[in-house]
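In case you want the letters, here they are:
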Amino acid sequence: QVQLVESGGGLVQAGGSRRLSCTASGGTFSTYTMAWFLLAPGKEREFVAGISWSGRSSVKGRFTSSRDSAPNTVYLQMNSLKPDDTAVYYCAADPTKRGQIFTSPHEYTYWGQGTQVTVSS
């Protein structure tokens, strides 16, 4: 059974940085497209970054994404954080995208439980 576990969330001051991790298990993740989404109060789930099996990435704004094949971990590096970045951040994965990165949450099959990031002003 595929599992995604996020970590690294917490409280950070505005202007600071944070790195989130997502460790995957239960599948052959070397061929998966991985992505990060955020969910802020009162808003819909929003694409933050994605990375394909080949390492090609698509990011939004001040964030960057990378992956490490051992141990099946993807990272979201968040810099110059703002209070508006406060949200629950989710890791997502899909094995069928053939190297493409999609920004719609409906394109992803597997999801982690999310990790809260709170940015104080």
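Residues numbered from 1 in each chain as written. Predicted model: local features only at pLDDT ≥ 70, side-chain atom pairs only at ≥ 80, totals over all residues. Heavy atoms only, no water.

A. Broad picture of the sheet that holds strand β7 (residues 63-68). Pairing in this open sheet of four strands is antiparallel, and the strands run β1-β3-β8-β7 from one edge to the other. Each edge of the open sheet is held by one strand with a lone partner, namely β1 (3-7) and β7. Shown here is a sheet whose adjacent strand axes are inclined to one another by a mean of 20°, direction ignored. In terms of strand pairing, β1 meets strand β3 (residues 18-25) through five bridges, oriented antiparallel. For Ser7, the partnering residue across the bridge sits in β3 and is Ser21. (Pairing = 2+ DSSP bridges. Helix = DSSP H or I, 4+ residues; strand = E, 2+ residues; numbered from the N terminus. Axes fitted to C-alpha atoms, helices over the stretch in contact; angles between N-to-C directions.)

B. Quick look at the state of the cysteines. For the structure shown, the criterion picks out one disulfide. Put simply, Cys22 and Cys91 are joined by a disulfide, and their sulfur atoms are 2.1 Å apart. Residues Cys22 and Cys91 are joined through a disulfide that is left-handed, its torsion about the S-S bond being -75°. Within this pair, whereas Cys22 is found in strand β3, its partner Cys91 is found in strand β9 (residues 87-94), the two being separated by 69 residues in sequence. (Disulfide = S-S within 2.5 Å.)

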